[in-house]
Amino acid sequence: MAASIIETTGLTRSYGDICALKPLDLLVPEGEWLSVMGHSGSGKSTFMNLVGGLDRPTSGSLQVGGENLLALSEDGLARFRREFVGIIFQQHHLVPYLTAVENVMMAQYFHSVPDEAEARFALERVGLGHRLKNRPGELSGGEQQRVCIARAIINSPKLLLGDEPTGNLDHKSTIMVMELLKELRAEENFTVIMVTHNQEVAAWGDRTIYLDDGILVREERLVKTDEG
Amino acid sequence: MIAIVYKLIPHLLSWFCIVLVLLRCFSVRRSVIMIAGISGFICGVADSAVLFRFFSASTSYAVIKSALGASFFLFWTIAVVAVYRSGERSTTVSSRARWFDSSFSAGVISAFIAIVSGAICACRIPVVDSGALTYAVPVLAAISLAYASLCIEKRISVSFKAAPLGAFAAVVALLLFSSSSLPRLDLFSPLSMKVMKGVHDFVHQFMESILIPDHLFVKPIVWKYIGLLFGKEVGFWGGIIIWFTPVLLIALAIGSARLPSVAHIRQGAQRRKLLAAAIREQRLQLVIPFFSIVIFAGAAYQSSFPSVEYWDPTPVAVTANQAGEIFIPKTGEINLEDGKLHKYLFKQGTREARFFILLGPDGQLTVDLDACAICKPDGYGQADGAVLCYYCKTLIPLETVGKPGGCNPVPISFIEKGDGVAIDGITLINSWVSTVQATTRVTEGGK
Amino acid sequence: MKRLLRIMLAVGSSRAVPPVVIGLFFVFYIGVAFFTDETLITLMAFTRRSVILAAILALIPLNSLFRLVSETIRQRDVSRIFSGKTLSGMAELCDDVVELPPCRIPDIEGRLAAVGYNTRRIGSTVSAWRGVGLFPARLLFLAGTFCLFTGILVSTTTKSAQRQMVTEGEPFPTPNGVGGIVERIILAQSTGLFLKRTLTMEVAASDYGTGKKTFGLYPPGLYDGAFVYPRYLGLTLHFRFSAPDLPTEYETSYSLNAYPPGKEDSVAIPDSPYRIVFSVPVPDVGEELYVSYLTDTVTLQFKLLKGKDVLFTGTAPRGGEFVRDGYRLSLPDIRRLVVTDFISDYGVLFIWWSALLFAVAVCIWLPVRLFLPRRLMVFRSDDTGAVACSLAEGGMRKHAGVFHELLDFVDAKNKGGKDDCQ
């Protein structure tokens with residue numbers, strides 16, 4: 001049994017009177033691919049924001065990678081996000097006037113120092129070795145999302161968070177992106193938490209939890225066959 | 001007393017910063033720094049008091065100025081060594097670094113710096129009518145400020161380190177800033193003057209060495225540019241270069257130090273993290289050298305525009321009698337024996353000469369041209385214990401006024417006749433003309 | 001003995017020698033400055049007289065020679081390492097050395113070529129390089145330093161100078177005797193970049209076997225082992241003077257220090273109260289100052305003094321005569337003259353060479369360092385293990401990035417495909 005990378009006990013997040021996440025107890029083992037499903041407003045993104053250090057819980061405890069996120073200062077939380085977490089959003093949030101390689105280097109810059117060779121290599125790994133000098137506008141949706149993956153993994157995160165990363169992609173691109181994430185996870189052994197509406201996307205994970213109105217209502221562990 | 005305290009402000013401010021820098025540099029030896037620093041400061045004040053009481057002012061200033069000069073020279077040496085060593089990759093802690101980290105070295109270095117600092121501070125206290133109480137003022141202030149430094153230093157983030165090189169730069173800068181407010185301890189102006197003379201000598205020798213044709217063959221515009229090397233500005237800018245170069249070298253040495261080798265690490269993010277940490281530390285280490293540059297600039301500014309007001313009377317026109325003799329009475333409207341510099345202007349036809357009469361500390365009158373044999377005849381002003389050449393800012397102690405040579409005013413022979421001073425007009429005019437012709441030729445770039 | 005030789009080579013080729021020697025001379029300079037205003041000249045005179053000071057100064061050119069040798073050896077060793085011939089000295093000579101587990105070096109040439117490196121695979125060694133080496137510029141710099149300080153040393157210790165008057169129609173004076181007749185001295189206007197006027201001295205062949213020669217201003221010519229360095233212009237004046245109270249006519253030739261025009265030079269008539277002050281009239285405003293010398297049409301102003309009294313003043317051209325009240329002054333001949341220094345100093349040749357070498361070194365170093373610095377890396381493997389090392393003379397961060405990525409790549413291949421490994 002792998003050690004847990006995420007441990008929550010009674011994790012809650014309220015916005016005024018609205019309780020977006022009700023007391024949640026959850027363990028995520030290191031290296032697991034966890035899919036989080038639920039309808040809009042069910043607390044999926046709230047949960048992801050909390051474990052990614054983008055938001056602070058209202059109550060409960062939250063341990064990520066041995067760090068008690070509640071105890072971290074703003075600087076500590078920023079360091080945690082910088083060094084521990086990689087995030088892929090539905091919208092790519094790439095800088096439009098920078099090339100693919102420069103977009104990746106920007107993530108390096110905010111982490112430590114830029115290294116062009118490493119950024120090129122990261123883009124080669126996501127199959128964009130031939131699109132290094134193209135700007136986001138010159139890339140397809142799938143390619144843009146692959147740049148985002150390269151950007152998310154460039155700082156070797158222990159935890160990769162995906163918030164509907166394939167939400168804007170067609171079926172073929174979705175498959176390509178998911179295949180890529182699977183390969184990278186196999187190489188880098190990072191933990192994936194993937195928030196999605198899509199049952200097919202969720203099926204790429206090891207386990208799926210279902211949230212409804214901020215409450216964990218169901219949990220499914222997927223049994224993998226050799227064919228996937 | 002209040003006037004003394006007011007005058008002590010720049011020195012005590014420098015002392016405060018020196019202690020702060022030393023404490024941060026030797027942050028694990030705070031108690032040693034405090035004890036050695038305070039003892040050193042008291043010792044410096046006492047040394048200065050003894051020097052001024054038992055030796056002449058010139059000797060006393062010369063001793064303290066020599067210590068400052070030696071510090072600056074040492075600073076230059078260390079800066080050059082630092083640059084030479086900056087490309088090396090250090091793998092082990094050298095014995096030099098271990099020595100530097102010891103309590104003994106921290107104590108010795110702090111004590112020496114504090115002695116110089118205390119001695120400079122005590123130069124502000126007038127020798128006459130100063131009792132032990134007067135000397136207690138800077139000592140008590142220095143102790144209080146040292147403790148204030150200690151309190152502040154403890155509150156500064158531990159990530160802000162003072163590398164020994166940067167700390168040394170800051171300490172030298174602060175000592176020179178402290179001394180620059182005392183014209184007789186100032187190093188920048190004499191340095192500029194020496195540079196002016198040195199460059200003049202060097203360019204002259206260089207041109208002769210490589211057989212460059214003389215100015216009659218060279219285009220005036222070219223010669224004008226060569227002539228720039230003979231001007232007063234070259235002294236100033238050359239002085240600026242010598243003044244700032246060591247601290248810039250130290251910044252260069254810190255900035256160009258090799259980053260740690262990370263090639264053995266097989267994860268890019270980890271490599272970059274280590275490099276970023278090393279770069280960050282390097283940048284933090286540059287803060288103190290850049291602060292030192294500002295302090296050096298302040299010292300050079302204080303030196304170039306001293307707050308001291310010079311006694312510079314308007315020359316009084318005098319004439320010669322039929323025998324060509326100029327007679328100036330000792331008393332009357334002007335009292336020649338009041339210890340002040342008195343300027344006169346003598347005109348003969350189209351020619352004129354400016355000169356001054358001064359009663360020296362030895363009780364003897366001296367008559368001198370208001371010009372020296374080296375600089376343009378910008379004249380002299382009188383400050384505490386010295387006259388100053390306005391052109392090159394050299395201070396001439398009153399004891400040596402009347403002696404020929406260097407930047408001293410050119411002495412003129414005269415006869416003391418009971419109630420006045422008699423000077424030969426022709427001798428005066430000839431002396432002025434030959435001096436001014438020579439110095440004008442030099443400063444205008446003639447070879 | 002060998003150890004001693006090695007120590008001597010290490011000390012002699014130390015980078016510390018030039019700053020230490022320069023610093024030492026600077027200390028001497030400061031010391032001398034306390035005693036005299038002629039500091040540099042005094043220090044040069046000391047160096048000329050003192051064998052110890054000269055020997056200390058000689059350490060710099062010696063050090064340059066040692067460094068030329070040691071850096072050439074170093075360069076050879078670097079080349080050997082990066083061509084994969086040897087592994088010895090890697091730790092000292094390379095920026096980064098990384099040991100890898102025994103493994104066949106995978107195909108990295110394509111990756112290297114993509115980022116501009118040239119590659120070569122020989123057996124189990126892959127070498128990669130790009131840019132141009134700074135070594136030639138470094139060699140030139142060291143040679144320049146050698147020449148500069150040798151020049152200063154030679155010049156300081158052996159220079160000798162003699163000031164002579166070169167006069168038209170007279171034999172050319174030299175430090176070791178006399179040369180051919182000076183046929184013409186020509187001062188001409190110049191439109192050059194640096195010179196306003198040029199000066200040419202044409203000397204006929206001498207009886208001692210020296211051929212016809214022409215001396216200009218720069219670079220100065222050599223005559224009889226000495227540089228001919230024209231300094232000032234003047235006139236050689238031949239005049240006769242008689243006065244009512246002088247028993248005989250006085251006749252002499254005199255080298256007149258008369259330029260620039262307006263400058264007065266006086267000749268005292270021996271055994272008499274007479275003195276004649278000569279000067280070349282100042283031309284009108286806007287006219288060439290040296291027009292009289294350029295055109296060889298001199299009219300001299302003169303002033304006859306008896307004691308302090310001025311008896312009369314006047315002007316007279318070459319061949320002219322002035323007669324009044326029994327006084328007679330005639331100027332049968334006025335010739336052009338150049339006050340010339342004959343300088344025996346071979347150090348200057350070294351200094352010129354150093355300037356040339358430094359200029360070429362900078363012209364190579366600057367563009368190469370900025371745009372094409374040398375970057376090298378080598379991956380080598382054998383049965384005992386694999387090793388990779390890199391070196392960059394510029395663009396270090398980028399080069400290191402490429403090197404690190406290749407190491408990651410090799411490592412990944414090594415872990416990923418065991419069949420790649422030996």
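Residues numbered from 1 in each chain as written. Chains lettered and ligands numbered in written order. Predicted model: local features only at pLDDT ≥ 70, side-chain atom pairs only at ≥ 80, totals over all residues.

Remarks on the overall build of chain A
Inference 1: Scanning chain A from terminus to terminus reveals seven helices and 10 strands.
Inference 2: What you see for chain A is a C-alpha radius of gyration of 17 Å, in line with the 17 Å of a compact globule of 228 residues.
Inference 3: Principal axes of the C-alpha set define a box for chain A whose edges measure 45 × 45 × 35 Å.
Inference 4: For chain A, buried positions account for 46% of its 228 residues.
Inference 5: A sequence separation of at least 24 residues applies to 68% of the contacts in chain A between residues at least 6 apart. (Helix = DSSP H or I, 4+ residues; strand = E, 2+ residues; numbered from the N terminus. Rg over C-alpha atoms; globule rule 2.2 N^0.38 Å. Buried ≥ 20, exposed ≤ 12 C-beta atoms within 10 Å, placed from the backbone. Contact = placed C-beta atoms within 7 Å.)

Some remarks on the pairing of strand β6 (residues 380-383) of chain B
All names here are of chain B.
Inference 1: With burial as the criterion, only one face of β6 is covered, namely that bearing Y380 and Q382; the residues G381 and A383 on the opposite face remain uncovered.
Inference 2: Across four bridges, β6 lies against strand β7 (residues 386-389) in antiparallel orientation. What sits directly across from G381, in β7, is L388.
Inference 3: Hairpin connection, β6 to β7: the antiparallel pair is bridged by two residues, and G385 has positive phi, about 80°. (Pairing = 2+ DSSP bridges.)

Digging into the sheet that holds strand β10 (residues 415-417) of chain B
Residue and element names in this part refer to chain B.
Inference 1: If you trace the three strands from one edge of the open sheet to the other, you get β2-β11-β10, paired in antiparallel fashion. In this open sheet, the two edge strands, each paired with only one partner strand, are β2 (325-329) and β10. Taken over all neighbouring pairs, the strand axes of this sheet differ in orientation by 25° on average, direction set aside.
Inference 2: One ladder, built from five bridges, connects β2 with strand β11 (residues 420-424); its direction is antiparallel. Bridge assignment links I326 to a residue of β11, and that residue is I423. (Axes fitted to C-alpha atoms, helices over the stretch in contact; angles between N-to-C directions.)

Some words on the interface of chain B and chain A
Inference 1: Listed as interface residues are eight residues of chain B and, on the opposing side, eight residues of chain A.
Inference 2: The residue inventory of the side of chain B that touches chain A, partitioned by class, reads four nonpolar, two polar and two charged. (Nonpolar A, V, L, I, M, F, W, Y, C, P; charged D, E, K, R; others polar.)

Details of the environment of A:K22
All names here are of chain A.
Inference 1: Tracing the sequence through the fold places K22 in strand β2 (residues 18-29).
Inference 2: Residue classification places K22 among the partly exposed positions, given that 17 C-beta atoms sit within 10 Å.
Inference 3: As a C-alpha pair, K22 and E183 span 161 residues in sequence and 34 Å in three-dimensional space.
Inference 4: In contact with K22, other than residues within four places in its own chain, are T12, G214 and I215.

Examining the interface of chain B and chain C
Inference 1: Taken together, the contacts link 28 residues of chain B with 34 residues of chain C.
Inference 2: Among the elements of the structure, α3 (57-85), α8 (188-209), α9 (220-228) and α11 (268-304) of chain B are those that each provide at least two residues to the side of chain B that touches chain C.
Inference 3: When its residues are assigned to classes, the side of chain B that touches chain C shows 13 nonpolar, eight polar and seven charged.

Observations regarding the domain arrangement of chain C
Inference 1: As assigned here, chain C comprises domain 1 (84-131 + 373-417), domain 2 (158-231 + 342-360) and domain 3 (234-341).
Inference 2: A straight line from the C-alpha centre of domain 1 of chain C to that of domain 2 of chain C covers 59 Å. (Domains from an automatic or database assignment.)

Examining the nonpolar core
Residue and element names in this part refer to chain B.
Inference 1: Core analysis: the largest hydrophobic core is formed by 111 residues, its most contacted members being V21, L22, A167, V171, A173 and I250.
Inference 2: Ranked by residues supplied to this core, first place goes to helix α7 (residues 164-180) with 12 residues.
Inference 3: Two domains share this core, each providing at least three of its residues, namely domain 1 (2-304) and domain 2 (316-443).
Inference 4: Those residues within four positions of I250 in sequence are excluded, and the remaining contacts are A79, A82, L165, G166, A169 and P289. (Core = buried A, V, L, I, M, F, W, Y, C linked by C-beta atoms within 7 Å.)

Observations regarding helix α10 (residues 232-255) of chain B
All names here are of chain B.
Inference 1: With 24 residues, α10 should cover 34 Å at 1.5 Å per step; its first-to-last C-alpha distance of 34 Å lies within 8% of that length.
Inference 2: At T245, α10 is bent by approximately 40°, the largest bend along its length, and proline P246 sits one to four residues beyond.
Inference 3: Listed as buried for α10 are G235, F236, G239, W243, P246, V247, L249, I250, A251, A253 and I254.
Inference 4: Lining the buried residues of α10 we find α3, α7, α8 and α11. (Expected span 1.5 Å × (residues − 1). Bend = angle between axes of the 7 residues up to and from the residue.)

Considering the environment of C:S70
Residue and element names in this part refer to chain C.
Inference 1: Positionally, S70 belongs in helix α4 (residues 51-82).
Inference 2: The class for S70 is partly exposed, based on 16 C-beta atoms found within 10 Å.
Inference 3: When the C-alpha positions of S70 and W352 are compared, they lie 25 Å apart, and in sequence the two are 282 residues distant.
Inference 4: Excluding anything up to four places from it in sequence, S70 contacts L9 and S13.

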